[in-house]
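Given next are the chains, with one letter for each unit.
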Amino acid sequence: MLKFDNVSMRYPGAGDVLRNVSFHLQRGEMAFLTGRSGAGKSTLLKLIAVIERCSRGQVLLDGQDLNQAKDRQVPFIRRKVGLIFQDYKLLQDRTVFDNVALPLVIAGYGHHEVSRRVRASLDKVGLLGKERKYPAVLSGGEQQRVGIARAVVNKPPMILADEPTGNLDPELSAEIMHLFEQFQQVGVTILIASHDISLIAQMNHRILKLDHGQLVAS
Ligand SMILES: Nc1ncnc2c1ncn2[C@@H]1O[C@H](COP(=O)(O)OP(=O)(O)OP(=O)(O)O)[C@@H](O)[C@H]1O
């Protein structure tokens, strides 16, 4: 599903943020990406979402070389990848329903299909009764569930999460991780950047560890 082949990345005016990173994630695999602050975790995720492009090497998603992708292909690549953020990135002036519907509206789905898919997605994250609420009245854990529902609403084969539990207490964090496992069980490939070592240790998944831009464990 995802292959990094000798990938290096440097931002203009800086040294290498990723250095010769190689790994392979199988379809349906769930892995954690760990490492200290500044190790390059967010940068690695940005390469998969084509928010950045690597300086050397190849990132292959479903066999497609992302560095070779034309700008007009990028929106289609992004539809394969559901993105989840630490700070949820919800639109505060839109309801839960509208937040989750957004990727489908952008993709041009009709009203009936949007409604059906949004309800299915909210059902999966346990928020079916909260469609008309605004994000501000939800707990942190519920807001992250909205973020997850939005990420999976167009059924991407892959989920990328950047510190998804960074703002949550240990109990809510564990619930969110179990939710990711449920998506993994139906074949979604999942990569989660996190420095919450104790949470990761409780779960039995592969760990990719970055140290100063180099993969030191995989
Ligand atoms: N747009 C950018 N331009 C220049 N340098 C950047 C940019 N984004 C990140 N960096 C630098 O690249 C390095 C890796 O950053 P990155 O955000 O990938 O690390 P991280 O492991 O995700 O850290 P954190 O856990 O703090 O989020 C850091 O030194 C950072 O300052």
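Going by what an unreviewed UniProt entry lists, the chain is known as Cell division ATP-binding protein FtsE and is assigned to Methylobacter tundripaludum. In its Sequence similarities (unreviewed entry) section, the UniProt record describing the chain reads: "Belongs to the ABC transporter superfamily." In its Function (unreviewed entry) section, the UniProt record describing the chain reads: "Part of the ABC transporter FtsEX involved in cellular division. Important for assembly or stability of the septal ring."

### Re the side chain of asparagine 99
When you line up the elements, asparagine 99 lands in helix α3 (residues 96–106). On the basis of relative accessible area, asparagine 99 is assigned to the buried category, the value being 0%. Residues in contact with asparagine 99, not counting those within four places in the same chain, are Leu90, Leu91, Arg94, Pro135, Val146 and Arg150.

### A short note on the pairing of strand β3 (residues 30–34)
In terms of burial, β3 is a largely internal element, five of the five residues being buried. Neither face of β3 is open: one carries Met30, Phe32 and Thr34, the other Ala31 and Leu33, and all of them are buried. Where β3 and strand β8 (residues 189–193) come together, four bridges link them in parallel fashion. Bridge pairing links leucine 33 to alanine 193 in β8. As paired strands, β3 and strand β9 (residues 206–211) are joined by four bridges and run parallel to one another. Within the sheet, the bridge partner assigned to threonine 34 lies in β9 and is lysine 209.

Here is what the cut-offs are and how they apply
- Residues numbered from 1 in each chain as written.
- Predicted model: local features only at pLDDT ≥ 70, side-chain atom pairs only at ≥ 80, totals over all residues.
- Heavy atoms only, no water.
- UniProt positions renumbered as here; feature names shortened; annotations may be inferred.
- Helix = DSSP H or I, 4+ residues; strand = E, 2+ residues; numbered from the N terminus.
- Buried < 20%, exposed > 50% of the residue type's maximum accessible area, 1.4 Å probe, protein only.
- Contact = heavy atoms within 4.5 Å.
- Pairing = 2+ DSSP bridges.

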